[in-house]
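# Architecture at a glance
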Amino acid sequence: MGIPKALHYYYYKELWEPFFKKLDIDLIISPDTNPVMLDNGTKLVPDEMCLSMKLYFGHLVYLADKCDYILIPRIDRFDNDNQTCTNFLAIYDLASKLFDTKILNFNIDNDNNMRGGLFKIGKELGFSSKKVTQAYKYAIAYYKYSLKQKEIEQSNKLLSDRKKVLLISHPYNTYDSLIGKPIIKLFEDNDINIIYCDAFNIQKTNTLALKLSPNLYWKYSRDQIGSILLSDKVDGFLFLSSFPCGLDSLVNELVMRKLNKPYLNLVVDDNTSLAGVETRVESFIDVIN
Amino acid sequence: MSSIKISYPLMGNYEVAIFYLLSHTFKCDIIHPPKITTRTAEIGSKYSPDFVCAPFKYTLGTMIESLDKGANVIFQMGGGCRYGYYHELQRKILEDLGYDFKLINLISGGKQVNLLKIFKETNLPYHKIKAIYYGLITIKMVKYIDKIEDYIRIHRCFEVKKNSFNQLHQEMLNEMKKTKSLFHLKLIYHKYRRLFKKIKIKKPKNYIKVGIVGELYTLMEPFTNYQMEQLLSDMGVSVKRFTDVTYLLFKKKYKVKKFLKQHLLKYRMGADALDNIYHTKYLCEHNYDGIIHMKASFCTPEIAAMPIINQIAHEYKVPVLFFSMDMNTSETGVKTRLEAFYDMLEMRQK
């Protein structure tokens, strides 16, 4: 079974990986993003689609002929005030029209949750409900444990004396080897600690976000911007988004207008050169220092 | 606030209905929002984030213009995609520009907000019973306008005397502004339906039928699509469009359930993407000669729908033309592409 290393994977890898390993399924996770994938993805979908979606389809192209099933969930909303990106609603239908490989799919919306989704997939693959329950229990324990670990690590980082910058960006951009990684490296080379916005306690950030924007109804954006209120010790903020991200275009703009510390807004698209980014990052670092 | 003056961003000819409703329910001044012009677009994009979709820029531009005219309460609608979040950023932008006003959002996150509570908080002088009565009239008015406009789109291209349809349409809208009661409105509607059917038309044997699908704001506000429907009518093309306010408010709910039963798609795709895909299929099955898909640039749901629309049209061998409208799209460019599309359709027919 294949999982593309893009979008949802970064949110739920600690849940999905142990779950499927416990069920003795051969997992193929696509490698780090490379320019070939970007090329494949760009050819497949309209040019106006956001960079992260193009990469997702690039990963799917890589996986399509290598595995029997591909896991493509449709995550719509957790409740009415916690919706996800509009693009996420369309992923399954779009992929099923573009690829012939069998797709394992579950749906999360007002009536369905992650647990139900994973159970459905377990049954589809022919496992007994007892085994699935076992695997799920193991996976959820591991997931919670890893979140805790992340949090502890983060709070240690926040206490250090080095200069710190809070990175506000979707995890699928932050940890992507084409989008986020090179930029984070630039900061670390200059001896600046990056605080990741997704390593905070999600429940806390989710509710805190309403203080910054009372009507925000996107879950992932709420998780992100809530972290701003939890990190008053940082020296600056870095906004990183992929062009043209629908959520970030509005939310980041709103948040930036409410900040009183230096910030840098980086928008990456498929032909951004690192040299240009480098100059901007360096001048930003000068401002912080 | 000394005297309350209400305004709202406008869309197409629905301005008549909205103004009618507001002026009858609220005991205060209503300010006509100025028509969208190039200046509106310029102001709007100047203060908007770079890669937000075009309706944000247009509505922001209109808001600034009506605030300059003296309005201090503004209504904004909202929808399923990021449209529901517009109002928060727009409020912040306008506040940063130094305007003193209130922005009232009617739908947020796909949910209707509690209007009564908001009206109470903002001290808007309104009449409850009147609001219900005139609300009913307005709904009926919108339905009638949509019916007539649908007729106009299909038949305008056959008119013998130029502009006869447009003139009568304008007359009807003017008369609807003076509606007194539900019955009166019905009389007006029937009178004009008769008049529209009496207009002399010459229907050729072979004519080209085109269906328009796409993102709602771009479809319904003629300024943002460069009077595409008028251009098509001038070429002699009969136009079918599904998306209008009646569809969005009343029919959509049932239609979507029906669509999902056909199993072409498994899930809803956000905003009108699903509807457009099924409408494309409908148009293909009913022998339309071509399909035009329009959207404001960066409209996320429609972008996801485009590959599927393309696939369906390819299966049925019907040509599709995709437009992505932005502030910087030139009218000549749109015209050229449209003419080329028309020529192609004409050649196919032979």
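All residue numbers here refer to positions counted from 1 along the written sequence of the relevant chain. Written order decides the labels, with chains lettered from A and ligands numbered from 1. Note on the predicted model: pLDDT of at least 70 is required for a residue's local features to be given, and 80 or more for side-chain atom pairs to be given and counted; whole-chain, interface and lining totals, by contrast, use all residues. By convention in this description, side-chain values take in all heavy atoms of the structure and omit both hydrogens and water.

### With respect to the domain arrangement of chain A
Residues and elements named next belong to chain A. Each domain's limits were defined by an automated method or a database of domain assignments. For chain A, the domain assignment lists domain 1 (2-141) and domain 2 (160-288). Here domain 1 and domain 2 have C-alpha centroids that lie 25 Å from each other. In this analysis, two residues are considered to be in contact whenever any of their non-hydrogen atoms come within 4.5 Å of each other. With 26 residues of domain 1 in contact, the opposing surface of domain 2 contributes 24 residues. The largest per-residue losses of area from domain 1 upon contact with domain 2 belong to Tyr10, Tyr11 and Leu51, which jointly make up 30% of the total buried on that side. Put simply, buried area is the surface a 1.4 Å probe can reach on two separate parts but cannot reach once they are joined, added for both.

### Remarks on the interface of chain B and chain A
Many authors give the size of an interface as the accessible area that is lost as the parts come together. The interface is formed by 40 residues belonging to chain B together with 39 residues belonging to chain A. Between chain B and chain A, a total of about 3500 Å² is buried, with carbon and sulfur atoms accounting for 64% of that surface. Area buried by chain B at its contact with chain A is led by Phe51, Tyr85 and Tyr267 of chain B, which between them contribute 23% of it. Throughout this description, the term salt bridge denotes a Lys or Arg side-chain nitrogen within 4 Å of a carboxyl oxygen of Asp or Glu. Taken together, the connections running from chain B to chain A amount to two salt bridges. Salt-bridge contacts for Glu48 of chain A lead to Lys295 of chain B; the nearest nitrogen and oxygen are separated by 2.6 Å. Whenever a nitrogen or oxygen atom comes within 3.5 Å of another N or O atom, the pair is scored as a polar contact, on the condition that within protein one atom can donate a hydrogen and the other can accept it, and that pairs from neighbouring residues in sequence are kept only if both atoms are in side chains. For the pair chain B and chain A, the interface holds 17 residue pairs in polar contact (both at pLDDT 80 or more). Helix and strand definitions here come from DSSP, where helices need a minimum of 4 consecutive H or I residues and strands a minimum of 2 consecutive E residues; each element is numbered from the N-terminal end. Elements with a contribution of two residues or more to the side of chain B that touches chain A: helix H4 (86-96) and helix H13 (300-316) of chain B. In terms of residues, the side of chain B that touches chain A owes the most to one element, H13 of chain B, which gives eight residues. Ten residue types, Ala, Val, Leu, Ile, Met, Phe, Trp, Tyr, Cys and Pro, are classed as nonpolar, four, Asp, Glu, Lys and Arg, as charged, and the remainder, Gly among them, as polar. Residue composition of the side of chain B that touches chain A, grouped by class: 21 nonpolar, eleven polar and eight charged.

### Brief notes about the nonpolar core
Residues belong to a common nonpolar core when they are buried Ala, Val, Leu, Ile, Met, Phe, Trp, Tyr or Cys residues joined through side-chain atoms within 4.5 Å. Throughout this description, buried means an accessible area under 20% of the type-specific maximum (1.4 Å probe, protein chains only), exposed means over 50%, and partly exposed covers the range between. Trp16, Phe19, Phe20, Leu71, Leu118, Leu166 and Ile228 of chain A are the most contacted members of the largest nonpolar core, which has 115 residues in total. It is helix H1 (residues 8-22) of chain A that contributes the most residues to this core, eight residues altogether. Residues Ile152, Tyr192, Tyr226 and Val239 of chain B belong to the second largest nonpolar core, which totals 54 residues.

### Quick look at the environment of Leu238 of chain A
Residues and elements named next belong to chain A. In this structure, Leu238 sits in strand S9 (residues 236-242). Since its relative accessible area comes to 1%, Leu238 is described here as buried. Remark: the alpha-carbon pair of Leu238 and Val281, spanning 43 residues in sequence, is separated by 9.5 Å. Leave out the neighbours within four places in its chain, and Leu238 touches Val165, Leu166, Leu167, Ile168, Ile183, Phe187, Leu264 and Leu266.

### A look at the sheet that holds strand S3 (residues 73-76) of chain B
Paired through their backbone hydrogen bonds, the strands of a sheet run either parallel or antiparallel. Residue and element names in this part refer to chain B. Strand pairing is assigned whenever DSSP identifies at least 2 bridges connecting the two strands. Reading across from one edge, S2-S1-S3-S4 is the order of the four strands in this open sheet, with parallel pairing throughout. Strands at the two margins of the open sheet, each flanked by one partner only, are strand S2 (29-30) and strand S4 (102-105). Where S3 meets S4, four bridges bridge the pair, whose relative direction is parallel. Note that in S4 the partner of Phe75 across the bridge is Ile104.

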